[in-house]
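Structure at a glance
The primary structure of each chain is shown beneath.
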Amino acid sequence: KAGVTQTPRYLIKTRGQQVTLSCSPISGHRSVSWYQQTPGQGLQFLFEYFSETQRNKGNFPGRFSGRQFSNSRSEMNVSTLELGDSALYLCASSTTGINDEQFFGPGTRLTVL
Amino acid sequence: AQSVTQLGSHVSVSEGALVLLRCNYSSSVPPYLFWYVQYPNQGLQLLLKYTSAATLVKGINGFEAEFKKSETSFHLTKPSAHMSDAAEYFCAVQMTSNTGKLIFGQGTTLQVKP
């Protein structure tokens, strides 16, 4: 079974730009969660999608948004990039999103200059 | 709000020595608990999870963890460290009501000396 894939793996943007990251979950998984990982803040939950609906969200500004498609693939978008958005963005998929194992992708390393 | 505390951001052991990584959670209701490992430039891999079936949980690569409700702890152990165990380890919790959301500790970097 193929794992969680994320594209692109690396991205360099400048302040004020916007960016879209993509995540393809494991086949059959309907829940996709997104996390931001930084040295200072650690791993923080952004949001979770299930059956094309945002079911849960963390404490991030509205510049961070996402969506999920009918095939469970998910995208997250960050608008008006700030230097502080530089981070590793991890996507994780699971069967239900409720107390089951989350399988993580390799992440997208975003650098904002 | 739930939180997870990992005592010690860096732990160093000799190869063959016992590995002990500490994790405490704050929750009045026992959550679901997980330990993940992250190697450089990779995502997270699940080592083991506690789901209330048994207090001693065995995971991959010889790791195990014991859930102690009275101490709100879920420490990770391995009897004998191997060089390949050098990585960053994260303890995480999930509450049933918080779908898709793992709350992570700050992580512990394990160094294994030859």
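Above: the structure in question.
Computed from a prediction, not measured in an experiment: that's the story for all the values here.

**Some remarks on the interface of chain B and chain A**
On the chain A side, the residues contacting the 21 residues of chain B number 23 residues. Both sides together, the interface formed by chain B and chain A hides about 1800 Å², and carbon and sulfur atoms give 49% of it. When the area that chain B buries against chain A is broken down by residue, the three leading residues are Leu44(B), Thr99(B) and Gly100(B), summing to 27%. Across the contact surface, chain B and chain A share zero salt bridges. Linking chain B with chain A are 11 residue pairs in polar contact (both at pLDDT 80 or more), by the criterion used here. Of the residues assigned to the side of chain B that touches chain A, the class counts are nine nonpolar, 10 polar and two charged.

**Quick word on the environment of Gly43(B)**
Residues and elements named next belong to chain B. As for its position among the elements, Gly43 is in the loop between strand E5 (32-38) and strand E6 (44-50). Look at Gly43 and you get buried, because its relative accessible area is 14%. Between the C-alpha atoms of Gly43 and Thr109, which are 66 residues apart in sequence, the distance is 15 Å.

**Considerations on the sheet that holds strand E1 (residues 5-7) of chain A**
Residues and elements named next belong to chain A. Strand order in the open sheet formed by four strands is E1-E3-E8-E7, with antiparallel pairing between adjacent strands. Two strands lie at the open edges of the sheet, namely E1 and strand E7 (64-68), each paired on one side alone. Across the sheet, the mean angle from the axis of one strand to that of its neighbour is 20°, orientation sign disregarded. The pairing of strand E3 (residues 19-24) with strand E8 (residues 74-78) spans five bridges and is classified as antiparallel. Bridge assignment links Val19 to a residue of E8, and that residue is Val78.

**What about the side chain of His75(B)?**
Residues and elements named next belong to chain B. Take His75: it is sitting in strand E9 (residues 73-78). A distance of 3.0 Å separates the side chain of His75 from the backbone nitrogen of Cys23, its partner in a polar contact. Those residues in contact with His75 that lie beyond four places of it in its chain are Leu20, Leu21, Arg22, Cys23, Asn24, Trp35, Glu64, Ala65 and Glu66.

**Topic: unusual backbone geometry**
Following Thr7(A), the chain continues to Pro8(A) via a peptide bond in cis, the omega torsion being -10°. Mapped onto the elements of the fold, Pro8(A) is located in the loop between E1 and strand E2 (10-13). Even without glycine at this site, Asn61(B) takes up a positive phi of about 60°. Checked against the element boundaries, Asn61(B) lands in the loop between strand E7 (56-58) and strand E8 (64-68).

**Comments concerning the state of the cysteines**
All names here are of chain A. The final tally for this structure, using the stated rule, is two disulfides over all chains. Note on cysteine connectivity: Cys23 is disulfide-linked to Cys91, with sulfurs 1.7 Å apart. Here Cys23 and Cys91 share a disulfide; its torsion about the S-S bond, -45°, makes the bridge left-handed. With Cys23 in strand E3 and Cys91 in strand E9 (residues 87-94), this residue pair connects regions lying 68 residues apart in the sequence. This pair shows no difference in class: Cys23 is buried, exactly as Cys91 is.

**Some words on the layout of surface pockets**
Of the voids in this model, the largest pocket is the one considered here, and its volume is about 390 Å³. At the level of elements, strand E4 (31-38) of chain A together with strand E10 (87-94) of chain B are the ones that each hand at least two residues to the lining of the largest pocket. Of the residues forming the lining of the largest pocket, the biggest block, three residues, is contributed by E10(B). Here the lining of the largest pocket is composed, by residue class, of six nonpolar, 10 polar and two charged. The volume enclosed by the second largest pocket comes to roughly 320 Å³.

**Details of the pattern of salt bridges**
Residues and elements named next belong to chain A. Counted under the stated rule, the structure contains seven salt bridges over all chains. Here Arg63 and Asp85 are joined by a salt bridge, their closest N and O atoms 2.8 Å apart. One end of the pair, Arg63, is in the loop between strand E6 (53-57) and E7; the other, Asp85, is in the loop between E8 and E9, with 22 residues separating them in the sequence. Overall, Asp85 belongs to the buried group, its relative accessible area being 4%. Counted as one network, the salt bridges with shared partners bring together Arg63, Glu82 and Asp85.

Definitions and cut-offs
- Residues numbered from 1 in each chain as written.
- Chains lettered and ligands numbered in written order.
- Predicted model: local features only at pLDDT ≥ 70, side-chain atom pairs only at ≥ 80, totals over all residues.
- Heavy atoms only, no water.
- Contact = heavy atoms within 4.5 Å.
- Buried area = accessible area lost by both parts, 1.4 Å probe.
- Salt bridge = Lys/Arg side-chain N within 4 Å of Asp/Glu carboxyl O.
- Polar contact = N/O pair within 3.5 Å; in protein donor to acceptor, adjacent residues only side chain to side chain.
- Nonpolar A, V, L, I, M, F, W, Y, C, P; charged D, E, K, R; others polar.
- Helix = DSSP H or I, 4+ residues; strand = E, 2+ residues; numbered from the N terminus.
- Buried < 20%, exposed > 50% of the residue type's maximum accessible area, 1.4 Å probe, protein only.
- Pairing = 2+ DSSP bridges.
- Axes fitted to C-alpha atoms, helices over the stretch in contact; angles between N-to-C directions.
- Disulfide = S-S within 2.5 Å.
- 1 Å grid on protein atoms, 1.4 Å probe; cavity = no way out; pocket = protein on both sides within 12 Å on 5 of 7 lines; lining within 4 Å.
- Points joined across faces, edges and corners; volume = space filled by probe spheres on them.

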